[in-house]
Amino acid sequence: MKSFSWLSLIDLFPYSAGSRKPILPRRLTMVGTGGPVPTFSVWDYVVFAAIIVGAAAIGLFQAIRGRKETSSAEFLLGGRQMTAVPVAMSLTASFMSGITVIGTPGEAYGYGAAFWLFGFSYAIMSVITAELFVPLFYRLEITSAYEYLELRFNRVIRLIGTSMYIVQTALYTGLVIYAPALALNQITGLDLWGVLVATGAVCIVYCTLGGLKAVIWTDVLQMVIMLAGFVAVIARGAVLQGGLTRIWEDAGEGGRLKAFDFDPDPLKRHTFWSIVIGGSIMWVSIYSINQSQVQRYISCKTLGHAKMALYVNMVGLWTTVSLAVFSGLTMYSIYKNCDPLTNGDVKTSDQLLPYLVMDILGAYPGIPGLFVAAAYSGTLSTVSSSINALVAVTVEDFIFPVKKDLTQKQVSWMNMGLSVFFGGVCIGMAGVASAMGSVLQAALSIFGMISGPLLGLYFLGILFRTTNPTGGLVGLIVGLALTLWVGIGAQLYPPTPNKTLPLPVTTVGCNNTMDLNNTTATPWTSSAIPTTQPDFRPPLADTWYSLSYVYFSLFGVLITVGTGLLVSIITGGCKQEKMNSDLFVRRADLICFRGCSKSKESREMEKAPTDLHMGVDNKAFTETDMTIKESEISTKL
């Protein structure tokens, strides 16, 4: 067997004496042939528990370190003194969650490497967010992304936007908590709801005590652990299969490398156009206007750091999705002749990677524990960011406008209390999210159905001076209604395999082929992802409801913008009084570095009171703290 020098440095993978053939884990059957796998050892539990406790310790450390800095800006925005690299890693980790660790390799195993094309989407998203939205939010000195909606339209639209975000985030976070717990419960034997509650409790602890700084620095640790889990799977798989080249060849022979499908059919699940065009808009909606992300990059101390954080985050996303997809290809190489799902070894595609880890790494104490920690590190990072963001929008959009005389101590206790409340809500929503099917597609569908119309509303606001509050509200309602219609319809009546195009797998090489009832069955070939279809399918099921989930966001944006502009024109939008130019995208916003601009107009714009120079400390979001301090002084007097 051909050996690679870099793999020989990995002590994790011993070889038998006098042979280059790796020692197989001590189990009942050979790797990749089905059957029982090793279970968690004591060391696996030790590694897992140590990492979870370490995450909570970061929250305690930040709480003790910043015990004298208890302002609302410090808790919600890290004092706006964060730098680019930790924020970039946090941006990556917050949406590269346990769903990514569990779902993306299963996606690559069942559908091939087309998911890697989202790398193009990440690049487009980073440019749009950094050059359009970040300067706008910095200029307006906002904490909640939905403050903009009130400044541009009215308070009613702001509250609707905030409410949409809260519903979306609670449901998505429930999915993030539930899906990895379900998969790992059935593989490792960990108690399902015990793990759910424990995960939520840890997030609540460091969100409540440490605020955004704890969330960001914990995300940095968790990002490293997630990547280490993927690397361990790929490295061990390369040893077993005879190298990375063999894995690549197996994937090609199995049709897993046919990623560039240029068919323009919008009903096909993944094509080059659906991922690059639809995926770009979907990820723009996630990064540009989602409070969990906005709250991170506006915590940077300068605009330059905020933009740099997004571009470094782009590299982090590329790295993560590449490792996740290649982990899926590694899994296919190992199970190309014995599909665990068809063989009855696992019940859902989301359990495939945990099964693989126990299959190929179960004999090495602590390594499966590292993988479980990787999955739950992703979950922790997403849940913690969601809780912190939910607290921020609730305080800024619902509480401060009606209760402006709160003391700093009252605000601090309120922030911590809301962290506990939303942590409980997200754990409760896990039960609802459990009925949404494949975790990866369900998660992205949630963002498409709700964030798409909301992004359309922002585009109406920042790009079109014609848009008035009436047009914005009607466009949002129509866009949301139609997007929910197609999205919920797709959940009830899933597209048929001729649109989703699952790739074939086989069980001819299994040692103990069995069905879900553990009875003997004949080896057979099927798709990797089984689809359950309802008995009745309405006429719209094969057209309207079969629209690729990646297009949900784009569909919502187009309907919202088109309807909003039409209604605005009809209702006098062209006759509006002159509005504040700070509410719209400027040409100067598109310049990455101030020195690139030579125009007198742009230089004058930079002299505005809200200076956005790349190297100037962020002075934003001091008004609320000053109001609180003034109220405290008056109370003392």
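Structure: see above.
All values derive from a computational prediction rather than experimental measurement.

(A) Highlighting the packing of helix 12 (residues 303-335) against helix 13 (residues 352-361). The N-to-C vectors of helix 12 and helix 13 enclose an angle of 60 degrees; their axes lie 11 Å apart at closest approach. Accordingly, the angle class assigned to the pair helix 12 and helix 13 is oblique. By crossing handedness, the relation of helix 12 to helix 13 is classed as left-handed. Residues Met 331, Ile 334 and Tyr 335 of helix 12 pack against Leu 352, Leu 353, Tyr 355, Leu 356, Asp 359 and Ile 360 of helix 13. Classifying every residue of the contact of helix 12 with helix 13 gives eight nonpolar, no polar and one charged.

(B) View of the side chain of Arg 152. You can see Arg 152 is positioned in helix 6 (residues 147-152). A relative accessible area of 4% places Arg 152 in the buried class. In terms of polar contacts, Arg 152 uses its side chain to reach the backbone carbonyl oxygen of Phe 464, at 2.8 Å. If we skip the residues at most four places from it in the chain, Arg 152 touches Leu 460, Gly 461, Phe 464, Arg 465, Thr 467, Met 579, Leu 583 and Phe 584.

(C) Local environment of the state of the cysteines. The full count for this structure, using the stated rule, is one disulfide. Disulfide pairing places Cys 338 opposite Cys 510 at an S-S distance of 1.9 Å. On the S-S bond that ties Cys 338 to Cys 510, the torsion sits near 110 degrees, and the link is right-handed. Taken together, the positions of Cys 338 in the loop between helix 12 and helix 13 and Cys 510 in the loop between strand 1 (504-506) and strand 2 (525-527) put the pair 172 residues apart, joining distant regions of the chain. The pair formed by Cys 338 and Cys 510 is uniform in burial state, with each residue classed as buried.

(D) Local environment of the packing of helix 4 (residues 98-111) against helix 12. At a minimum axis distance of 7 Å, the contact between helix 4 and helix 12 shows a crossing angle of 55 degrees. As judged from the angle between their axes, helix 4 and helix 12 are oblique. Note that helix 4 runs across helix 12; the crossing there is right-handed. Mapping the contact onto sequence places Thr 100, Thr 104, Pro 105, Gly 106, Ala 108 and Tyr 109 in helix 4 and Thr 320, Ala 324, Val 325, Ser 327, Gly 328, Leu 329, Met 331, Tyr 332 and Tyr 335 in helix 12. Taken together, the residues of the contact of helix 4 with helix 12 sort by class into nine nonpolar, six polar and no charged.

(E) Up close: the pattern of salt bridges. Following the criterion strictly, the structure yields eleven salt bridges and no others. Note that Asp 263 and Lys 268 form a salt bridge whose closest N and O atoms lie 3.5 Å from each other. Classification of Asp 263 by relative accessible area gives partly exposed; the value is 29%. Residues participating in the shared-partner salt-bridge network are Glu 150, Arg 155, Arg 158 and Asp 397.

(F) Structural context of helix 13. In terms of burial, helix 13 is largely enclosed, as ten of its ten residues are buried. Listed in full, the buried residues belonging to helix 13 are Leu 352, Leu 353, Pro 354, Tyr 355, Leu 356, Val 357, Met 358, Asp 359, Ile 360 and Leu 361.

(G) Examining the side chain of Asn 313 more closely. As for its placement among the helices and strands, Asn 313 is situated in helix 12. A distance of 3.3 Å separates the side chain of Asn 313 from the side chain of Tyr 287, its partner in a polar contact.

(H) Inspection of helix 5 (residues 118-140) at higher detail. Here helix 5 spans 31 Å end to end across 23 residues, near enough to the 33 Å set by a 1.5 Å rise per residue. Within helix 5, the axis deviates most sharply at Thr 129, by approximately 35 degrees. The element helix 5 is largely enclosed, with a buried count of 18 among its 23 residues. After helix 5 finishes, the residue Glu 141 shows a positive phi value of roughly 55 degrees.

(I) Quick peek at a nonpolar patch on the surface. A surface patch of nonpolar side chains, amounting to about 600 Å² of accessible area, comprises Trp 116, Phe 120, Phe 260, Phe 262, Trp 273 and Ile 277. Secondary-structure assignment places Phe 120 in helix 5.

(J) Looking closely at unusual backbone geometry. Of note, the phi angle at Glu 141 is positive, near 55 degrees, even though the residue is not glycine. Position of Glu 141 relative to the elements: it lies in the loop between helix 5 and helix 6. Look at Glu 141 and you get partly exposed, because its relative accessible area is 35%. Of note, Leu 501 is a non-glycine position whose phi angle comes to about 55 degrees, a positive value. One can find Leu 501 in the loop between helix 18 (497-500) and strand 1. Classification of Leu 501 by relative accessible area gives partly exposed; the value is 38%.

Scoring rules and cut-offs
Residues numbered from 1 in each chain as written. Predicted model: local features only at pLDDT ≥ 70, side-chain atom pairs only at ≥ 80, totals over all residues. Heavy atoms only, no water. Axes fitted to C-alpha atoms, helices over the stretch in contact; angles between N-to-C directions. Helix = DSSP H or I, 4+ residues; strand = E, 2+ residues; numbered from the N terminus. Parallel < 35°, antiparallel > 145°, perpendicular 65-115°, else oblique. Left-handed = near helix turned anticlockwise from the far one by under 90°. Contact = heavy atoms within 4.5 Å. Nonpolar A, V, L, I, M, F, W, Y, C, P; charged D, E, K, R; others polar. Buried < 20%, exposed > 50% of the residue type's maximum accessible area, 1.4 Å probe, protein only. Polar contact = N/O pair within 3.5 Å; in protein donor to acceptor, adjacent residues only side chain to side chain. Disulfide = S-S within 2.5 Å. Salt bridge = Lys/Arg side-chain N within 4 Å of Asp/Glu carboxyl O. Expected span 1.5 Å × (residues − 1). Bend = angle between axes of the 7 residues up to and from the residue. Patch = residues over 30% accessible without salt bridge, like charges linked within 9 Å, V, L, I, M, F, W, Y side chains within 5 Å. Areas by Shrake-Rupley, 256 points an atom, 1.4 Å probe, with all protein chains shown as cover.

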